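Single-letter residue listing:
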Amino acid sequence: MPSVMVGKCKARRFYTNTKDGLEVIINKNFYQETINKYQDDILYPLKLAYARKAIDLIKEAELVNPDEPSIDHPNEIFKVYKYIDDCYEVEMKLRCNRDGNYLHIIRIYKK
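The rules behind these values
Residues numbered from 1 in each chain as written. Predicted model: local features only at pLDDT ≥ 70, side-chain atom pairs only at ≥ 80, totals over all residues. Heavy atoms only, no water. Phe/Tyr/Trp six-rings, centres within 6.5 Å; stacked < 30°, edge-to-face > 60°. Buried < 20%, exposed > 50% of the residue type's maximum accessible area, 1.4 Å probe, protein only. Pairing = 2+ DSSP bridges. Helix = DSSP H or I, 4+ residues; strand = E, 2+ residues; numbered from the N terminus. Core = buried A, V, L, I, M, F, W, Y, C linked by side-chain atoms within 4.5 Å. Contact = heavy atoms within 4.5 Å.

As for the packing of aromatic side chains
For any pair of aromatic rings, the description rests on two quantities: the centre-to-centre distance and the angle between the ring planes. Tallied over the entire structure, the rule returns two aromatic pairs. Ring centres of Phe 30 and Tyr 31 lie 5.0 Å apart, and the angle between their planes is 70 degrees; this geometry places the pair in the edge-to-face category. Of the two residues, Phe 30 and Tyr 31, both sit in the buried class. Measuring from centroid to centroid gives 6.4 Å for Tyr 50 and Tyr 88, while their planes differ by 70 degrees, and the two rings are edge-to-face.

Structure follows, in structure tokens:
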């Protein structure tokens with residue numbers, strides 16, 4: 001991951017944009033969360049593969065829910081994007097707050 005300056009500190013993150021022009025930040029926490037959360041899932045290797053391609057997938061994904069309320073994160077909302085390929089539906093949630101729009105979680109569903 002590229003190293004960028006955030007204020008006076010260095011951070012490792014990617015910046016990209018959605019199809020509708022929203023800037024998205026993909027940071028190390030997204031990858032760590034994906035690795036840790038889904039270890040017991042039978043689709044674990046597939047989720048890791050899609051997580052590696054998330055920077056490209058979010059560019060092509062369609063916005064399906066612009067205002068999903070957050071239960072665990074006060075003062076934040078989620079924007080839900082969906083990308084569909086030949087075999088799977090990939091759901092990506094952006095956690096939106098005053099600091100930016102962070103890719104938070106990725107889910108994979110069979111079509």
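That was the structure; now back to the text.
A few points about the pairing of strand β5 (residues 77-84)
By the bridge criterion, five bridges tie strand β4 (residues 62-69) to β5 in an arrangement that is antiparallel. Opposite Glu 68, over in β5, you have Phe 78 as the bridge partner. In terms of strand pairing, β5 meets strand β6 (residues 88-97) through eight bridges, oriented antiparallel. If you follow Ile 77 over to β6, its bridge partner there is Cys 96. Where β5 hands over to β6, the hairpin turn is made up of three residues, counted between the paired strands.

Describing the nonpolar core
Grouped burial of nonpolar side chains is what soluble globular proteins tend to show. By size, the foremost hydrophobic cluster in this structure holds 20 residues, and its most contacted members are Phe 30, Tyr 50, Val 90, Met 92, Leu 94, Leu 103 and Ile 106. Secondary structure elements with two or more residues in this core: β3 (23-27), α1 (28-37), α2 (44-52), α3 (54-60), β5, β6 and β7 (100-110). Counting residues per element, this core draws most heavily on β6, which supplies five residues. Setting aside its immediate chain neighbours within four residues, Leu 94 contacts Thr 18, Leu 22, Val 24, Ile 58, Ile 77, Phe 78, Lys 79, Tyr 81, Tyr 102, Leu 103 and His 104.

Considerations on the environment of Tyr 109
Take Tyr 109: it is sitting in strand β7. Classification of Tyr 109 by relative accessible area gives partly exposed; the value is 36%. Residues Tyr 109 and Lys 19 lie 90 residues apart in sequence; the distance between their C-alpha atoms is 21 Å.

Brief notes about the pairing of β3
Looking down a regular strand, the side chains alternate between one sheet face and the other. For β3, the tally of buried residues reaches four of five residues, placing the bulk of the element in the interior. Pairing of strand β2 (residues 9-17) with β3 involves five bridges; the strand directions are antiparallel. Directly across from Thr 16, in β3, lies its bridge partner Val 24. Connecting β2 to the next strand, β3, in antiparallel fashion are five residues, including Gly 21 with a positive phi near 90 degrees.

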